[in-house]
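So you can see what is in the structure, the chains are spelled out below.
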Amino acid sequence: MKTFTSMSQWQIYRDKLQQDSIGFVPTMGALHQGHLALVEASRKTNMFTVVSVFVNPKQFDDGQDFKAYPSNHQADLEQLEKAGVDVALVPDAAQIYVDDYRFKVTEMEFSQRLCGAHRPGHFDGVLTVVMRLLNLVRPDNAYFGEKDYQQLQLIRDMTTAFFMPVNIVACATVREADGLAMSSRNQHLDTRRRRQAAALYAALKNSCTANDAKQTLIGKGFEVDYVEDIADRRLAAARLGNTRLIDNVQI
Ligand code: PAF
């Protein structure tokens with residue numbers, strides 16, 4: 001596996017790549033089985049797989065949350081190498097925001113709802129970094145988990161809106177044995193809250209209505225940002241202490 005911290009070095013390398021098919025998995029590191037499933041999906045379909053590890057400061061609406069975000073680049077790179085990744089991109093913020101964030105992507109409708117309504121600027125940060133990463137990597141296929149369902153829809157819509165020549169591939173949420181969706185943030189849960197956290201998936205799956213699910217979660221000690229049914233999905237975000245969990249199920 002080759003690792004690039006300099007994006008100009010990477011671009012020189014990328015220009016020489018002649019692979020038929022390039023798959024890309026953008027991540028913020030603190031890798032778990034969910035990320036590795038995206039890598040596996042990419043490796044199945046593509047000749048060459050690129051993974052980025054970049055904790056994007058622009059998608060955090062809360063500075064404390066950014067500081068506390070789990071990060072272990074060395075362990076991440078070891079896992080990626082073992083998983084058969086061809087290239088890891090590990091830029092710092094100056095490499096990505098060469099313009100000091102003068103330019104950004106804003107979606108005006110769906111991004112203002114659900115997580116967007118509770119995290120101002122979050123989706124501007126996500127869409128902008130994904131646009132930049134896709135332009136840097138120029139992959140044929142890019143892989144995103146369904147756990148971040150709103151993010152997935154917005155990225156898909158962005159690539160259509162801007163005529164970006166990339167296929168966005170959705171991968172099923174990977175869950176722990178008790179149903180909790182895998183997430184880097186799960187590391188923040190203490191033993192008691194980790195046990196409580198499984199109730200999120202159960203409530204979404206087993207309740208008749210979104211409001212029933214919300215009441216169940218409040219009863220189980222969650223602070224609920226939202227539970228909403230949109231088309232065939234029930235989506236939720238809820239907090240246990242300082243840890244914000246999101247999940248969604250098909251209804
Ligand atoms: O889902 C994530 O980990 C991030 O939002 C992403 C897509 C890597 C952009 O920073």
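Below or above, wherever it landed, is the structure these notes cover. (Residues numbered from 1 in each chain as written. Predicted model: local features only at pLDDT ≥ 70, side-chain atom pairs only at ≥ 80, totals over all residues. Heavy atoms only, no water.)

1. Regarding helix α2 (residues 33-45)
This is how it is decided: Strands here are runs of E lasting at least two residues and helices are runs of H or I lasting at least four, both read from the DSSP assignment and numbered beginning at the N terminus. Take the number of residues in a helix, subtract one, and multiply by 1.5 Å to get its expected span. Three labels apply to residues, based on accessible area from a 1.4 Å probe with only protein chains included: buried if under 20% of the type maximum, exposed if over 50%, partly exposed otherwise in between. Contacts are assigned to residue pairs with any non-hydrogen atoms lying within 4.5 Å of each other.
With 13 residues, α2 should cover 18 Å at 1.5 Å per step; its first-to-last C-alpha distance of 19 Å lies within 8% of that length. Looking at α2, one finds that the buried residues are Gly34, His35, Leu36, Leu38, Val39 and Ser42. For α2, the elements touching its buried residues are β2 (22-27), β3 (48-53), α4 (73-82), β5 (141-145) and β6 (167-171).

2. Overview of the pattern of salt bridges
Quick reminder of the rule: When a carboxyl oxygen of Asp or Glu is within 4 Å of a side-chain nitrogen of Lys or Arg, the pair counts as a salt bridge.
In this structure the tally under the stated criterion is 14 salt bridges. The salt bridge involving Asp225 is made with Arg239; its shortest N-O contact spans 3.3 Å. Separated by 14 residues along the polypeptide, Asp225 in strand β7 (residues 223-230) and Arg239 in strand β8 (residues 233-240) bring together distant segments of the chain. A residue is classified by how much of its surface remains accessible, and Asp225, at 16% relative accessible area, is buried. Note on Arg239: relative accessible area 25%, which makes it partly exposed. A single salt-bridge network, built from bridges that share partners, covers Asp61, Asp65, Arg119 and Arg185.

3. A few points about the nonpolar core
One recurring pattern in soluble globular proteins is that nonpolar side chains are buried together. The test is simple: Here, the term nonpolar core denotes a set of buried Ala, Val, Leu, Ile, Met, Phe, Trp, Tyr and Cys residues that are joined through side-chain atoms within 4.5 Å.
Of all hydrophobic cores here, the largest spans 42 residues; its most connected members are Trp10, Val50, Leu89 and Val130. Elements represented by at least two residues in this core include exactly α1 (7-16), β2, β3, β4 (87-89), α7 (122-137), β5, α8 (149-161) and β8. Among the elements that take part in this core, α7 stands out by supplying ten residues, more than any other. Aside from chain neighbours lying at most four places away, what touches Leu89 is Phe4, Met7, Trp10, Val50, Val51, Ser52, Val53 and Val137.

4. Notes on the sheet that holds β5
The cut-off we apply is this: Between any two strands, pairing holds if DSSP finds at least two bridges. Structural elements are reduced to axes, namely lines fitted to C-alpha atoms, with helices fitted over the stretch in contact, and the angle between N-to-C directions of any two is expressed from 0 to 180 degrees.
Here we have six strands laid out as an open sheet, ordered β1-β4-β3-β2-β5-β6, and parallel in their pairing. Strands at the two margins of the open sheet, each flanked by one partner only, are β1 (2-4) and β6. With strand direction ignored, the average angle separating the axes of adjacent strands in the sheet is 25°. Sheet topology note: the β2/β5 ladder contains two bridges and is parallel.

5. Focus on the site of the ligand
Rule in force here: For each residue, the test is whether any non-hydrogen atom lies within 4 Å of the molecule or strand; if one does, the residue is near. Side-chain atoms alone can form a polar contact between residues adjacent in sequence; in general such a contact is a pair of N or O atoms within 3.5 Å, and within protein one must be able to donate a hydrogen while the other accepts it. Residue exposure ignores everything except the shown protein chains as possible cover, and the areas themselves are Shrake-Rupley values with a 1.4 Å probe. Of the grid points, spaced at 1 Å and generated over the protein atoms alone, those admitting a 1.4 Å probe that cannot get out make up cavities, while open sets with protein on both sides within 12 Å along at least five of seven lines make up pockets; any residue with an atom within 4 Å of a point is treated as lining. Criterion for pocket placement: a molecule counts as inside a cavity or pocket if more than half of its atoms are within 2 Å of its grid points. By the convention adopted, Pro, Cys, Tyr, Trp, Phe, Met, Ile, Leu, Val and Ala count as nonpolar, Lys, Arg, Asp and Glu as charged, and the other residues, Gly among them, as polar.
Neighbouring the ligand are the residues Pro26, Thr27, Met28, Asn56, Gln59, Val129, Val130 and Gln151. Contact between the ligand and Gln59: an oxygen atom at 2.6 Å from a side-chain N or O atom of the residue. Note that an oxygen atom of the ligand is positioned 2.7 Å from one of the side-chain N or O atoms of Gln151. The fraction of the free accessible surface of the ligand (290 Å²) that becomes covered by protein chains is 89%. When atom positions are compared with the pocket grids, the ligand is found to occupy the largest cavity. Counting residues per element, the ones that place at least two in the shell around the ligand are β2 and α7. For the shell around the ligand, the residue count by class is four nonpolar, four polar and no charged.

6. Concerning unusual backbone geometry
One non-glycine residue, Ala30, lies in positive phi territory at about 50°. Tracing the chain through its elements places Ala30 in the loop between β2 and α2.

7. Some details on the pairing of β7
Relative to β8, β7 runs antiparallel, the two being bridged by seven bridges. For Asp229, the partnering residue across the bridge sits in β8 and is Arg234. The turn joining β7 and β8, which pair antiparallel and follow one another in sequence, is formed by two residues; a positive phi near 50° is taken by Ala231.

8. Looking at the packing of α7 against α8
Packed helix pairs are characterised by how far apart their axes lie and by the angle those axes make with each other. We count it as follows: Just so you know how the angles are binned, under 35 degrees is roughly parallel, over 145 roughly antiparallel, 65 to 115 roughly perpendicular, and the rest oblique. The handedness criterion is simple: a crossing whose near helix is rotated anticlockwise from the far helix by less than a right angle is left-handed, and one whose near helix is rotated clockwise is right-handed.
Viewed as axis vectors pointing N to C, α7 and α8 meet at an angle of 50°, and their least axial separation amounts to 10 Å. Overall, the two elements α7 and α8 adopt an arrangement that is oblique. Along this stretch, α7 crosses α8, giving a crossing that reads as right-handed. Within the contact between the two elements, α7 uses Phe123, Val126, Leu127, Val130, Met131 and Leu134 and α8 uses Gln150, Gln151, Leu154, Ile155, Met158 and Thr159. In the contact of α7 with α8, the residues fall into nine nonpolar, three polar and no charged.

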